[in-house]
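Structural overview for review
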Amino acid sequence: MDNVSYQRFPTVRIRDIKDDVLKFELRDTDASIANALRRIMIAEVPTLAIDLVEIESNSSVLNDEFLAHRLGLIPIVSDRAMEMRLSRDCDACDGDGRCEYCSIEFHLSVKCTGDQTLDVTSLDLVSSDPSIIPVDAAGRAADMGGFESNDTRGILIVKLRKGQELKLRAIARKGIGKDHAKWSPAATVTFQYEPEIHINEALMETLTLEEKQEWIDSSPTKVFELDPVSQQVVVVDPEAYTYDEEVLKKAEAMGKPGLVEIYSKEDSFIFTVESTGAIKASQMFLNAIEILKSKLDAVRLSFDTEEADDQFGELGAHMRGGGI
Amino acid sequence: MNAPDRYERFVVPEGMKKVAYERDMKVMNAATFTLQREDHTIGNILRMQLHRDPSVLFAGYKLPHPLQYRVVVKIQTNSQSSPMQAYNLAITDLTKELDHLKATFEQETNQKQAEYY
Ligand SMILES: [Zn+2]
C-alpha cells in the first residue's frame, strides 16, 4: 500500500524570460494546479510594502491618509521577503512590527524652495537598508536594455509648490496580497489552454478561393491564413484563437459544418507572469511552488487525529463483530 | 468600527484546529475534512488529485460561505482504502509533483539563461 502513487510529472518549456515578464508552457498537469499557482502568485507570494506612515509635516495639497495610501502602493525590492518575518508573529518585537527582523524604515524629507513645481518621487525615500529600496521600473528596464531611458524619475508621490514641505517616516513590512493588494507582486498572471485546431482538408477544398478568404476573415483574431502558393487554408497562430467559435458558426452558416474542429488541450497551459518589479517573475513562480508546498504541509492531519481514528476503527470493528 | 481584522482571513484563531476530521456515521469509509483558513487553491487541487485515486469513490469540496474562511472536503473510498489514507496520499503526491515541477522549472530557466550568454 505504501508504494502506490498517482503522481504526475509536469513538464515546462520556457518561451521568454526577463526580469519582469515570464512566458512559459506548462504541460502534463491539470487546471487545478495551474490555477492554484496563479492564485498564489497573485495573493500569497509575500513582498514588502509601506504599512505605517508617521507624518511630521505635510503642507502639500494631498492629505495625510491620501499620501500614506500612495506610499503603500509603491513596489519595493522584495527579494528577501520570503525569509523575513511577518510582524504579526515576530517575537523580537512582540508583534510591534518595528524591529530589524520584520520591518524596514524609510525617511522622506523634501521642501520646495524654487519657483518651479517640485516632484516628490519614490527616489526621495531614503532607506535604512541599502538593499531594500523602492523599485525603479525605468532603471531596471534600462539595465536590461529594455527601453532606452536615462531619466530615472521614480514614481511620483506628490507635487510641491514654493514653500510647501513634506517630512515623514515610513515603515515597510512583509505581507501578502490576500491582506491588501499593495503586497501583491503580480501585475498580471494569466494562463490559457493550448488550442488544438484540425482543418477538414477534404471539405475545405470544396470551397472557392473567395469562400476560403471569407471564412478566414470571420475570425476576429488572425488564426488562419491563405497560403499564397498552394492556396490552402493554414493555421498560422493557434494561440490567437480566443474560443469565440466565430469560425465554427461561419462554417455552419456556409453549410459546411465540421469544416474545422477545435479542442482545448486539457493538460497544456500557456502562462504569462508579469511582475510589479518587487520580485523577478521567475522567482515569483518558484516562490508560489514553495508556498503551495507549505500550504499542503499545513493541512496534513495531525498525529493525534490519526491515532484517534485508528482507535475508533477498532471500536467500530468490535461493535460490528458484537452485533446479532 | 466593528470591522473584523483583515488577517482573520488567513490566520487560524488560537485554539482552533487547522484540519478537523469527521467520520461519516451513516456511510462506510466516508469522512469530512474541514480545513480552516483555506480556499479554492487547496480545495480544488486536493479534489482533482483524489479523483486520480481509483479507490476513491467520491471526492468533492465546497466553500460553505465566502465570509467563513474554511473549505470542506468530503471523501468516500472503497474498502481498499480509507478517507484518511486517500487524503494523505493526495497530499504526498501533490507535494512530489510540486518538487518535480520546481526542479524542471529551474533546469529550464538555467538552460534558457545559458542561451543568452
Ligand atoms: Zn519584529
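Residues numbered from 1 in each chain as written. Chains lettered and ligands numbered in written order. Predicted model: local features only at pLDDT ≥ 70, side-chain atom pairs only at ≥ 80, totals over all residues. Heavy atoms only, no water.

So, on to the pattern of salt bridges. Pairs can form between side chains of opposite charge once their charged atoms are near each other. Residues and elements named next belong to chain A. Tallied over the entire structure, the rule returns 34 salt bridges over all chains. The partner of Lys212 in a salt bridge is Glu205, and the shortest N-O contact between them spans 3.4 Å. The exposure class of Lys212 is buried, given its relative accessible area of 4%. For Lys250, the salt bridge goes to Glu214, with nearest N and O atoms at 2.8 Å. Placement of Lys250 in helix H6 (residues 246–253) and of Glu214 in helix H5 (residues 209–217) is noted, with a sequence separation of 36 residues between them. What you see here is one network of salt bridges that share partners, running through Arg13, Arg15, Glu25, Arg27, Glu194, Glu239 and Lys265. (Salt bridge = Lys/Arg side-chain N within 4 Å of Asp/Glu carboxyl O. Buried < 20%, exposed > 50% of the residue type's maximum accessible area, 1.4 Å probe, protein only. Helix = DSSP H or I, 4+ residues; strand = E, 2+ residues; numbered from the N terminus.)

Here the focus is the interface of chain A and chain B. With 53 residues of chain A at the interface, the matching set in chain B holds 52 residues. With both sides pooled, the region where chain A packs onto chain B buries about 5,100 Å², and carbon together with sulfur makes up 64% of that total. A salt bridge links B:Asp39 to A:Arg39; the shortest N-O distance between them is 3.2 Å. One can count 19 residue pairs in polar contact (both at pLDDT 80 or more) joining chain A with chain B. (Contact = heavy atoms within 4.5 Å. Buried area = accessible area lost by both parts, 1.4 Å probe. Polar contact = N/O pair within 3.5 Å; in protein donor to acceptor, adjacent residues only side chain to side chain.)

Mapped onto this numbering, the UniProt entry annotates "coiled-coil region" (unreviewed entry) at residues 84–111 of chain B. Span residues 84–111 of chain B is 100% helix and 0% strand, its end C-alpha atoms 41 Å apart. (UniProt positions renumbered as here; feature names shortened; annotations may be inferred.)

All names here are of chain B. If you trace the four strands from one edge of the open sheet to the other, you get E1-E2-E4-E3, paired in antiparallel fashion. At either margin of the open sheet sits one strand with a lone partner, and together these are strand E1 (19–23) and strand E3 (56–62). Averaged over neighbouring strand pairs, the angle between their axes works out to 15° when direction is ignored. As paired elements, E1 and strand E2 (residues 30–36) share five bridges and run antiparallel to each other. Within E2, the residue paired with Tyr21 across the bridge is Phe33. Contacts between helix H1 (residues 40–51) and the sheet are confined to E2, E3 and strand E4 (70–77), with E3 contributing the most and set at about 170° to the helix. (Pairing = 2+ DSSP bridges. Axes fitted to C-alpha atoms, helices over the stretch in contact; angles between N-to-C directions.)

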